[in-house]
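Descriptive analysis of the structure
Residues per chain are reported as follows:
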Amino acid sequence: MSPTSPASPARSASPASPESPKNPAPTRRLTTAQALVAFLARQYTERDGRRQRLISATWGIFGHGNVAGIGQALVEAGHGGNGTAHRMPYLQGRNEQAMVHAAVGYARQSGRLSAHAVTTSIGPGATNLVTGAALATINRLPVLLLPGDTFATRPADPVLQQLEVPYAGDVSVNDCLRPVSRYFDRITRPEALIPAALQAMRVLADPAETGAVTLALPQDVQAEAYDWPEEFFAERDWHVRRPAPDTYELETAVRAIRSARRPLIVAGGGVRHSTAEETLAAFTAATRIPVASTQAGKGALRHDHPADVGGIGHTGTATADELARTADLVIGIGTRFSDFTTASGTLFADPDVRFLHLNITAFDAHKLAALPLVADARAGLEALTAALAGRGYRVDPAYETEYTGAKEAWEERVEASFATPDPTARPTQTQVLGLLDDLVTEEDILINAAGSLPGDLHKLWRTRSRDQYHVEYGYSCMGYEIPAAIGVLLAAGTGQRTRPVWALVGDGTYLMNPTEIVTAVQENLPLKLLILQNHGYASIGGLSASVGAEGFGTAYRHRDPDGGFTGPPLPVDLAANAASLGLRVLRAATVDDLRKALSEARDAEGPTCVYVETETPDTVSGPPPAQAWWDVPVAETASRPAAVKAREEYDRQVAARRRHL
């Protein structure tokens, strides 16, 4: 993609020397850090005629690796004479990983058209970025990482926090970011910033390549001055393209669809990134092909759309998974086909099943030996709809009746899970979701990432808008929810009205990363934090029991005399902890309490927490069990009965796995 560079006013450097050309190109003398911040403030994306800042703000925690460089540059960019349009807002974080999560939440809510930068010091500040970078890259979401680095000129060697590698003098801890970055460069000279910065913007704005981008910045180079070409600071527009499908691939796809008897669409995150929801709805209106969704794709159709059959895979609905088992053509749209989606290769069971993948990346489009349709999701669906028009394709009415009837039956199971017959009882986790389901409108946004909640949400949640369902399940990273909610709040504000944003966390997730509560309080962001206390890692505890590990090490309890963890629950008061960080906390002991607390939190103008201890589910109010398998290898030899039994079940399930070739 080629940026355009409109002319902008220039300031000349010092007068030219006698050896210089008569009309030297204008330059501006700045430090490397000042030049980078000024450059970033002038980068824009453009798609479908809409233009916005590519890097709209910078998160930072300062130390000796960035305080005098990027830190000083941000002071000037925030308060200097650059004009309001080119200022660089600064956001103060408390944990480096959390800052990346907040940036990722912002990027996702912004449709990948706008992103944040994150700056850290060298050493632990930089290595704390790795988890967030992996999450961004796996989910194909843009974030710019600017970690400080050790001296390029090595006047002090080793410097504080430097990792010494005896066999390589040019390695630092920042090299940990290479495998989790879509682009990486170390700026060892000021002038090297120019090509690196342009490459960084190219990758961030590229819908097929985007992810974490890292520019490692040695602290001495950050503070070094250079005469920068004025053209470097011109505004640039990075066009976010919508590639159309190849004619041959399109015709092949049309033939495959027309010959299908039981086609099934699997909608992934690419539908959302492409804003292809309305186009998908038009395609299903014409063909009546049912649509299942991955975690990232949930919301591609509203829950009440006739063609929506819910989540697919290990955490999917019975409706979607039964359709997947009998589908003769699986049409993936913007999905990576992870093991949760394919039930570890056991879900698509028809002996003659074929795959057609519409994806903007050829890498994903060829998975499962599929017929590839490499294109933007919206452009590809528009082309398919047009190509099928007039050719008379529509699924058999009996197939449509089958899946709509199955969907109605599943909704009855959802209602049973959400039911709260005793308002004075302690709620189960699914009842908590049911109470929230009764309260929210299409305005609300729900954020979750790990534990047992993603499975319940994928099966049960009734998504009302394209961006309501925000579950990070590419990396399933505990601790994502609170900072991501802050990023979403920064992106989703609409004038005087900020959309209600809910961060749903269990106690295990809360303890991983509560630090950005302080940021929400500092910025007075109306975060709605819902803490479900179940005294341990409930999700992994259930998995542990199913694979013969007997729930070992998953409960938050005192040790027993035998050295296990089966004693009383730990006396941890997460509500008091949240309050100590500045949140207003509403405690709920019963279903009625919770209903009132959720309503009060939704109306709150400041950051608010609802805290509830959940009851172990019973057969009435518990979620439906998994509708498809997931491969977690079980010990092949064991002496304990639980593991022996689990291995027998594993051998039975794994026998159904197949490779689609």
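Residues numbered from 1 in each chain as written. Predicted model: local features only at pLDDT ≥ 70, side-chain atom pairs only at ≥ 80, totals over all residues. Heavy atoms only, no water.

**Some points on empty space enclosed by the protein**
Counted under the stated rule, the structure contains 4 cavities of 30 Å³ or more. Of the pockets and cavities examined, the largest cavity occupies roughly 200 Å³. Lining the largest cavity we find 22 residues, and of these Lys298, His303, Asp308, Val309 and Gly310 sit closest to its centre. For the lining of the largest cavity, the secondary-structure elements that each account for two or more residues are strand S13 (291-293), strand S14 (308-311), helix H15 (397-418) and helix H17 (453-460). The greatest single-element share of the lining of the largest cavity, amounting to 4 residues, is contributed by H15. Classifying every residue of the lining of the largest cavity gives 8 nonpolar, 8 polar and 6 charged. Surrounding the second largest cavity, Asp507, Leu511, Gln533, His535, Tyr556, Leu570, Val572 and Leu574 form its lining. The residue makeup of the lining of the second largest cavity, split by class, is 5 nonpolar, 2 polar and 1 charged. (1 Å grid on protein atoms, 1.4 Å probe; cavity = no way out; pocket = protein on both sides within 12 Å on 5 of 7 lines; lining within 4 Å. Points joined across faces, edges and corners; volume = space filled by probe spheres on them. Helix = DSSP H or I, 4+ residues; strand = E, 2+ residues; numbered from the N terminus. Nonpolar A, V, L, I, M, F, W, Y, C, P; charged D, E, K, R; others polar.)

**Description of the sheet that holds strand S2 (residues 43-47)**
The sheet built from 3 strands is open, its strands ordered S3-S2-S11 with mixed pairing. Edge strands, defined here as strands with exactly one partner in the open sheet, are strand S3 (50-53) and strand S11 (236-239). Across the sheet, the mean angle separating the axes of adjacent strands is 30° when strand polarity is ignored. With 4 bridges connecting them, S2 and S11 associate as parallel partners. When the bridges of S11 are listed, glutamine 43 appears paired with arginine 236. Helix-sheet contacts for helix H6 (residues 193-205) involve S2 and S11, and the interaxial angle to S11 is about 40°. (Pairing = 2+ DSSP bridges. Axes fitted to C-alpha atoms, helices over the stretch in contact; angles between N-to-C directions. Contact = heavy atoms within 4.5 Å.)

**Some remarks on the environment of phenylalanine 418**
With respect to the helices, strands and loops of the structure, phenylalanine 418 is situated in helix H15. When sequence neighbours within four positions are dropped, the list of residues in contact with phenylalanine 418 reads Thr430, Gln431, Leu433, Gly434, Asp437, Leu460 and Arg462.

**Comments concerning the sheet that holds S14**
Taken in spatial order, the 6 strands line up as S14-S13-S12-S15-S16-S17 in an open sheet, and their pairing is parallel. In the strand order of this sheet, the two ends are held by S14 and strand S17 (371-374), each with one partner. Taking the axes of each pair of neighbouring strands and ignoring which way they run, one obtains an average angle of 20° across the sheet. Bridge count between S13 and S14: 3 bridges; the pairing is parallel. Looking at S14, one finds that valine 291 is bridged to aspartate 308. Its contacts with the sheet place helix H8 (residues 247-258) against strand S15 (329-333), strand S16 (354-359) and S17, and it is angled at close to 130° to S17.

**Section: helix H1 (residues 32-40)**
Taking burial as the measure, the 9 residues of H1 include 9 buried ones, the bulk of the element. Burial in H1 covers these residues: Thr32, Ala33, Gln34, Ala35, Leu36, Val37, Ala38, Phe39 and Leu40. (Buried < 20%, exposed > 50% of the residue type's maximum accessible area, 1.4 Å probe, protein only.)

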